[in-house]
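Listed below are the residues making up each chain.
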Amino acid sequence: MADSNQHPKTNKEVAAEFSAYYLQRATKEFAEDLDKVRTADDFRNDAIHVLVDALQQGTAMFSPEEQRRIVETKSTGKPHYKGVRAELEKRKERCKKKGVDPKEHFSFTLEGELLYY
């Protein structure tokens with residue numbers, strides 16, 4: 001969260017910071033797979049932007065409120081528990097209704113870290 005001398009971050013600022021954080025976490029999580037793709041014989045260097053765009057599309061799974069909560073948690077180191085458990089349960093229910101395994105989707109811990117649930 002912004003300190004008392006700063007204005008709260010705009011949604012655009014939060015989205016940009018969240019996108020960078022999400023990409024960092026995703027590339028760390030998928031490092032081995034990404035290396036295999038990058039070193040494949042048929043991989044061309046101009047395909048890197050396509051790969052990055054594909055990874056960044058995962059940010060669309062998070063509402064602006066979720067993004068802000070994660071960015072603020074990351075910035076302050078203090079967890080923002082408000083509504084997180086309820087949101088996780090809603091996501092699980094949405095997955096069940098769609099017949100999708102929730103373990104295939106990203107979520108976040110109470111500390112705001114990205115992970116599978």
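Residues numbered from 1 in each chain as written. Predicted model: local features only at pLDDT ≥ 70, side-chain atom pairs only at ≥ 80, totals over all residues. Heavy atoms only, no water.

Draft legend 1. Structural detail: the overall build of the chain. Assigned secondary structure in the chain consists of five helices and two strands. Secondary structure elements in the chain, listed N-terminal to C-terminal, are α-α-α-α-α-β-β. Considering only contacts in the chain between residues 6 or more positions apart, those separated by 24 or more positions represent 64%. Just so you have it, the chain exposes about 8300 Å², and 53% of that area is on carbon and sulfur atoms. (Helix = DSSP H or I, 4+ residues; strand = E, 2+ residues; numbered from the N terminus. Contact = heavy atoms within 4.5 Å. Areas by Shrake-Rupley, 256 points an atom, 1.4 Å probe, with all protein chains shown as cover.)

Draft legend 2. Summary view of the packing of aromatic side chains. Scanning the model with the defined rule gives three aromatic pairs in all. Ring geometry for Y22 and F62: centres 6.1 Å apart, planes at 65 degrees, overall edge-to-face. Taken as a pair, Y22 in helix α1 (residues 11-29) and F62 in the loop between α3 (48-56) and α4 (64-76) lie far apart in primary sequence, 40 residues in all. F62 shares its class with Y22; the two are buried. Aromatic ring contacts, followed pair by pair, group F18, Y22 and F62 into a single cluster. (Phe/Tyr/Trp six-rings, centres within 6.5 Å; stacked < 30°, edge-to-face > 60°. Buried < 20%, exposed > 50% of the residue type's maximum accessible area, 1.4 Å probe, protein only.)

In short, the description is geometric, and any link to function would need to be established separately.
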